[in-house]
Amino acid sequence: MAAEDWCEIILVCGLLVDPLLSTLLGRHFLRRFAAVNGDAVTPVIEMGAERDRLRFSRAVRPLLDMVLAETDRAGRPVPAAANRAVVQEWLDQWSPAVLAAVDAFLPVFDLPTMRPVVGEAAREAVVAACEEQLERSGLELRR
């Protein structure tokens, strides 16, 4: 991932990469598949990674709220509409690649002997959760 704007990197990772790709791989694949296929250690490690993802997500939310706020701390108006357009542009730019990575991983769900979840169902779950999160800020996951 390469971008010149540090805010773009943080928001794209926090709003797209982690909710879509990292959650699909970590929560829906590693945590669910490892234990039923005889691996008791991976789910424990993944729970730690999940806590890190949630901590990062809780840190991204205030940054996004600040970027999209209508006023600064002193109550002066800021260009929230312009900021929202920039963030939406970043999401539109990065979402095809992130969703392509999600789709590229789906065949891995068919490899293990024991399958507690279907890849397409996991994809639907992470996409729906991501869309819901973005909608709270007036943003969209455009495909």
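Throughout what follows, the structure given in this document is the object of discussion. (Residues numbered from 1 in each chain as written. Predicted model: local features only at pLDDT ≥ 70, side-chain atom pairs only at ≥ 80, totals over all residues. Heavy atoms only, no water.)

**Observations regarding the overall build of the chain**
Here is step 1: Scanning the chain from N- to C-terminus turns up four helices and zero strands.
Here is step 2: In the chain, the succession of α and β elements from N to C terminus is α-α-α-α.
Here is step 3: Its C-alpha atoms give the chain principal-axis dimensions of about 60 × 30 × 25 Å.
Here is step 4: Classification of the 143 residues of the chain by burial places 36% in the buried group.
Here is step 5: Residue pairs in contact within the chain that sit at least 24 positions apart in sequence constitute 67% of those at least 6 positions apart. (Helix = DSSP H or I, 4+ residues; strand = E, 2+ residues; numbered from the N terminus. Buried < 20%, exposed > 50% of the residue type's maximum accessible area, 1.4 Å probe, protein only. Contact = heavy atoms within 4.5 Å.)

**Side note on the side chain of Arg53**
Here is step 1: Along the chain, Arg53 falls in helix α2 (residues 42-68).
Here is step 2: Judged by its relative accessible area of 12%, Arg53 is buried.
Here is step 3: Within the structure, Arg53 has its side chain in polar contact with the side chain of Glu50 (distance 2.6 Å).
Here is step 4: The residues touching Arg53, leaving out its near neighbours within four places in the chain, are Asp18, Ser22, Thr23, Gly26, Arg27 and Glu46. (Polar contact = N/O pair within 3.5 Å; in protein donor to acceptor, adjacent residues only side chain to side chain.)

**A short note on helix α3 (residues 80-105)**
Here is step 1: Taking 1.5 Å per residue as the helical rise, α3 with its 26 residues ought to reach 38 Å, and the 36 Å between its terminal C-alpha atoms agrees with that figure.
Here is step 2: Listed as buried for α3 are Ala80, Val87, Gln88, Trp90, Leu91, Trp94, Ser95, Val98, Leu99, Val102 and Phe105.
Here is step 3: Those residues of α3 that are buried lie in contact with α1 (6-36), α2 and α4 (119-135). (Expected span 1.5 Å × (residues − 1).)

**A few points about α1**
Here is step 1: Along α1, the largest kink reaches about 55° and is centred on Val17; proline Pro19 follows within four residues of it.
Here is step 2: Looking at where α1 begins, the residue whose side-chain oxygen comes 2.8 Å from the main-chain nitrogen of Cys7 is Asp5. (Bend = angle between axes of the 7 residues up to and from the residue.)

**Examining the packing of aromatic side chains**
Here is step 1: Inspection of the entire model under this criterion finds five aromatic pairs.
Here is step 2: With a centroid separation of 5.2 Å and 75° between ring planes, the pair formed by Phe29 and Phe109 is classed as edge-to-face. Residue Phe29 is found in helix α1, and its partner Phe109 is found in the loop between α3 and α4; the two are separated by 80 residues along the sequence. Here Phe29 and Phe109 have matching classes, each one buried.
Here is step 3: Between the aromatic rings of Phe105 and Phe109, the centroid separation amounts to 5.9 Å while the plane-to-plane angle is 85°, which identifies the pairing as edge-to-face. When sorted by exposure, Phe105 lands in the same class as Phe109, which is buried. (Phe/Tyr/Trp six-rings, centres within 6.5 Å; stacked < 30°, edge-to-face > 60°.)

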